[in-house]
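Architecture and fold: a report
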Amino acid sequence: NLSNALGTLGDRNGALVQHREAVRIRPDWSIALATLAGLQATGPDPVRDPEESVRLASRAAELSGGRDPYILQRLGEAYAAAGQFSDAIRTAEAADGLASQSAPALAAQIRAELTLYRAGVRVVTVTSR
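Note that the structure is a prediction, hence the values are computed from the model and not measured. (Residues numbered from 1 in each chain as written. Predicted model: local features only at pLDDT ≥ 70, side-chain atom pairs only at ≥ 80, totals over all residues. Heavy atoms only, no water.)

1. Here we look at the side chain of Asp96
- If you trace the backbone, Asp96 turns up in helix α6 (residues 85-102).
- Once residues within four sequence positions are removed from consideration, Asp96 is found in contact with Ala107, Ile110 and Arg111. (Helix = DSSP H or I, 4+ residues; strand = E, 2+ residues; numbered from the N terminus. Contact = heavy atoms within 4.5 Å.)

Okay, structure coming up:
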């Protein structure tokens, strides 16, 4: 929760530290793995770590059985950050399919990201800190 609050306040570095700690304490917590992966995929340097992001998000997707659209969205972001746009598109399409019935706002977000991936552009989050 602290990580989420820090992220909301724009403190990506603080959020990153807190999520790393959460994953250290509970290494199989799929949501924490996925959120940490998202921070590392969409953040600016030196936060950005595409290879680690793919590793973390892949593990989260494995733990969730590939059935959580939020986790698949993070995996798509990780693939795009690593320049693996065909994997990002495939994963985001799967996430969209899962989210379209149960989470329309998330599905809309995923579709916007799909447009970026199809253009060969990764998702970037800009913060004030």
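2. So, helix α2 (residues 12-25)
- The terminal C-alpha atoms of α2, which comprises 14 residues, lie 20 Å apart, in line with the 20 Å expected from a rise of 1.5 Å per residue.
- Every buried residue of α2 is accounted for by Arg12, Gly14, Ala15, Leu16, His19, Ala22 and Val23.
- Residues of α2 that are buried make contact with α1 (2-8) and α3 (30-42). (Expected span 1.5 Å × (residues − 1). Buried < 20%, exposed > 50% of the residue type's maximum accessible area, 1.4 Å probe, protein only.)

3. Here's the deal with the layout of surface pockets
- There is about 290 Å³ of room inside the largest pocket.
- In terms of lining, the largest pocket is formed by 17 residues, of which the most central are Gly7, Arg12, Thr35, Leu39 and Tyr70.
- Here the residues of the lining of the largest pocket sort into three nonpolar, eleven polar and three charged.
- Within this model, the second largest pocket holds a volume of roughly 190 Å³.
- Taken together, Asn1, Leu2, Ser3, Asn4, Gln18, His19, Ala22, Trp29, Ile31, Ala32 and Thr35 make up the lining of the second largest pocket. (1 Å grid on protein atoms, 1.4 Å probe; cavity = no way out; pocket = protein on both sides within 12 Å on 5 of 7 lines; lining within 4 Å. Points joined across faces, edges and corners; volume = space filled by probe spheres on them. Nonpolar A, V, L, I, M, F, W, Y, C, P; charged D, E, K, R; others polar.)

4. Some details on the pattern of salt bridges
- Across all of its chains, the model carries eight salt bridges by this definition.
- Here Asp28 ties to Arg59 by a salt bridge, and the two come within 2.8 Å at their closest N and O atoms. Taken together, the residues span a long stretch of sequence, with Asp28 in the loop between α2 and α3 and Arg59 in helix α4 (residues 50-63) at a distance of 31 residues.
- Here Arg118 makes a salt bridge to Glu93, at a shortest N to O gap of 2.7 Å. In this pair, Arg118 sits in helix α7 (residues 104-118) while Glu93 sits in helix α6, placing the two residues 25 residues apart along the sequence.
- The exposed category is assigned to Arg118, whose relative accessible area is 53%.
- Accessibility expressed as a relative area gives 40% for Glu93, which makes it partly exposed.
- One continuous salt-bridge network, built from bridges that share partners, spans Asp28, Arg59 and Glu62. (Salt bridge = Lys/Arg side-chain N within 4 Å of Asp/Glu carboxyl O.)

5. Here we look at the nonpolar core
- Judged by nonpolar contacts, the single largest core of 37 residues is most densely connected at Leu72, Leu75, Ile110 and Tyr117.
- Contributions of two or more residues to this core are made by α2, α3, α4, α5 (69-81), α6 and α7.
- The residues touching Leu75, leaving out its near neighbours within four places in the chain, are Val54, Ala57, Ser58, Ala61 and Thr91. (Core = buried A, V, L, I, M, F, W, Y, C linked by side-chain atoms within 4.5 Å.)

6. What to know about the packing of α6 against α7
- α7 packs onto α6 with a crossing angle of 160° between their chain directions and a minimal axis gap of 8 Å. If you check the angle between α6 and α7, you find them roughly antiparallel. α7 is crossed by α6, and the crossing has left-handed handedness. Every residue of α7 that contacts α6 at Phe85, Ala88, Ile89, Ala92, Glu93, Ala95, Asp96, Ala99, Ser100 and Ser102 is listed here: Pro104, Leu106, Ala107, Ile110, Arg111, Leu114, Tyr117 and Arg118.
- In the contact of α6 with α7, the residues fall into twelve nonpolar, two polar and four charged. (Axes fitted to C-alpha atoms, helices over the stretch in contact; angles between N-to-C directions. Parallel < 35°, antiparallel > 145°, perpendicular 65-115°, else oblique. Left-handed = near helix turned anticlockwise from the far one by under 90°.)

7. Here's the deal with the side chain of Gln40
- Within the element layout of this structure, Gln40 appears in helix α3.
- Sequence-distant contacts of Gln40, that is, excluding residues within four places in its chain, are made with Leu16, Arg20, Val47, Arg48, Asp49, Pro50, Glu52, Ser53 and Leu56.

Keep in mind that these numbers describe shape and distance, not what the molecule does.
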